[in-house]
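A look at the structure
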Amino acid sequence: MTTIDQKLAEYFNNNFGLGGDWPWGNLILCAIALILCVVLCGMIGLEREKRGRSAGLRTHMLVGVGSCIIMILSIYGFPAAFSEKRDVARLAAGIITGVGFLGAGCVIHFQGGIKGLTTAGTVWLVMAVGLACGSMNFILAVAATFIVMVVLIVFRKLETAVTKGAPQFIVLAKDSEPVMTKLLAYAKEHDYIISEVSSQIVNNGADNCIETTFKLSPSSKKDDFNLEVVKVELEKVTNAINIQTINHH
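Scoring rules and cut-offs
Residues numbered from 1 in each chain as written. Predicted model: local features only at pLDDT ≥ 70, side-chain atom pairs only at ≥ 80, totals over all residues. Heavy atoms only, no water. pLDDT = per-residue confidence, 0-100. Helix = DSSP H or I, 4+ residues; strand = E, 2+ residues; numbered from the N terminus. Contact = heavy atoms within 4.5 Å. Core = buried A, V, L, I, M, F, W, Y, C linked by side-chain atoms within 4.5 Å. Buried < 20%, exposed > 50% of the residue type's maximum accessible area, 1.4 Å probe, protein only. Disulfide = S-S within 2.5 Å. Pairing = 2+ DSSP bridges. Axes fitted to C-alpha atoms, helices over the stretch in contact; angles between N-to-C directions. Phe/Tyr/Trp six-rings, centres within 6.5 Å; stacked < 30°, edge-to-face > 60°.

Quick look at the confidence of the model for the protein now. Across the protein, the average pLDDT comes to 79, with 80% of residues at 70 or higher. Taken element by element, the protein is modelled with least confidence in helix 1 (residues 4–15), mean pLDDT 70, and with most confidence in helix 3 (residues 57–76), mean pLDDT 90. Contacts from residues 109–113, a stretch scored under 50 in pLDDT, to residues over four places away or in other chains number 11 contacts.

Turning our attention to the nonpolar core. Among the nonpolar cores identified, the biggest contains 32 residues, and Cys133 and Met136 are the most heavily contacted of them. For this core, the secondary-structure elements that each account for two or more residues are helix 2 (24–50), helix 3, helix 4 (89–108), helix 5 (117–134) and helix 6 (138–163). The element contributing the most residues to this core is helix 5, with eight residues. In contact with Cys133, not counting residues within four places along its chain, are Ala33, Leu36, Cys37, Leu40, Cys68, Phe138 and Ala141. Residues Tyr186, Tyr192, Ile210 and Phe214 belong to the second largest nonpolar core, which totals 16 residues.

What follows concerns the state of the cysteines. With the rule as written, the count across this model stands at zero disulfides. In this structure Cys68 is a free cysteine whose sulfur lies 4.6 Å from that of Cys37, the closest cysteine sulfur available. A relative accessible area of 0% means that Cys68 is categorised as buried. Distance from the sulfur of Cys133, which forms no disulfide, to the nearest cysteine sulfur (Cys37) is 4.7 Å. Exposure remark for Cys133: the relative accessible area of 0% places this residue in the buried category.

Spatially, 2-3-1-4 is the arrangement adopted by the four strands of the open sheet, whose pairing is antiparallel. The open sheet is flanked by strand 2 (192–204) and strand 4 (242–246), the only strands paired with a single partner. Taken over all neighbouring pairs, the strand axes of this sheet differ in orientation by 20° on average, direction set aside. Two elements, strand 1 (residues 168–174) and strand 3 (residues 207–218), share seven bridges in a ladder whose sense is antiparallel. The residue bridging Gln168 from the neighbouring strand is Lys215, located in strand 3. Of the strands in this sheet, strand 1, strand 2 and strand 3 are in contact with helix 7 (residues 179–190), which crosses strand 2 at around 155°. Where helix 8 (residues 227–238) meets the sheet, its contacts fall on strand 1, strand 2, strand 3 and strand 4, and the angle it forms with strand 1 comes to roughly 25°.

Applying the stated rule across the entire model yields two aromatic pairs. Aromatic pair Phe169 and Phe214: ring centres 5.6 Å apart, planes at 15°, arrangement stacked. In this pair, Phe169 sits in strand 1 while Phe214 sits in strand 3, placing the two residues 45 residues apart along the sequence. Under the relative-accessibility criterion, Phe214 is labelled buried at 1%. Between the aromatic rings of Tyr186 and Tyr192, the centroid separation amounts to 6.0 Å while the plane-to-plane angle is 55°, which identifies the pairing as tilted. Across this residue pair, the class does not change: Tyr186 and Tyr192 are buried.

Rendered as structure tokens:
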């Protein structure tokens, strides 16, 4: 089977050859692969950068370009004498394992929660895009990037529309207060659901405080869910220093 990279390399060799046996077509093809990889991975990284995520534009571009280079080396970087013995997929398998550690780092960065999973997924995906570019599967790389951008942008709006009824609370209280215990008791008493909970220790002047972020929603459609009333009740229950609400439409 003749692949697209073989057709392109043949075209460049026939039309841009500079004489001799040098494979100029392959060199031009590798340059195209690197440039395309920068553009595609940069698009994904730019979206993460605009969201203020831990892995942004430069991280995604570096992961993608690195994967592309290693894939090119796996195909063209070994002497022809070993062409029948080498496995071009071996280096790609190593990349998949290595990038997994970067993804784990994105998740661990957010203490007390799992907010880094989407960014970890995009880091892993730009690795796949880089491998596709490095193996000269340009159509696959472009199609994959298009799908990723649809998921990140369009599906995010859909997700927001579905969950817009659940306001997010940020409760700041003294670190000696059992905030989670009181929140769970309050939710059980009023038939509310607590989700997306995360907490961290922060400095508030000379004292250490605990900042708890969570979403609160009724377990069924209730007409008496008044945001201001719930906010006042939570302030009393948790002995909060401050309570903020965000993402409520």
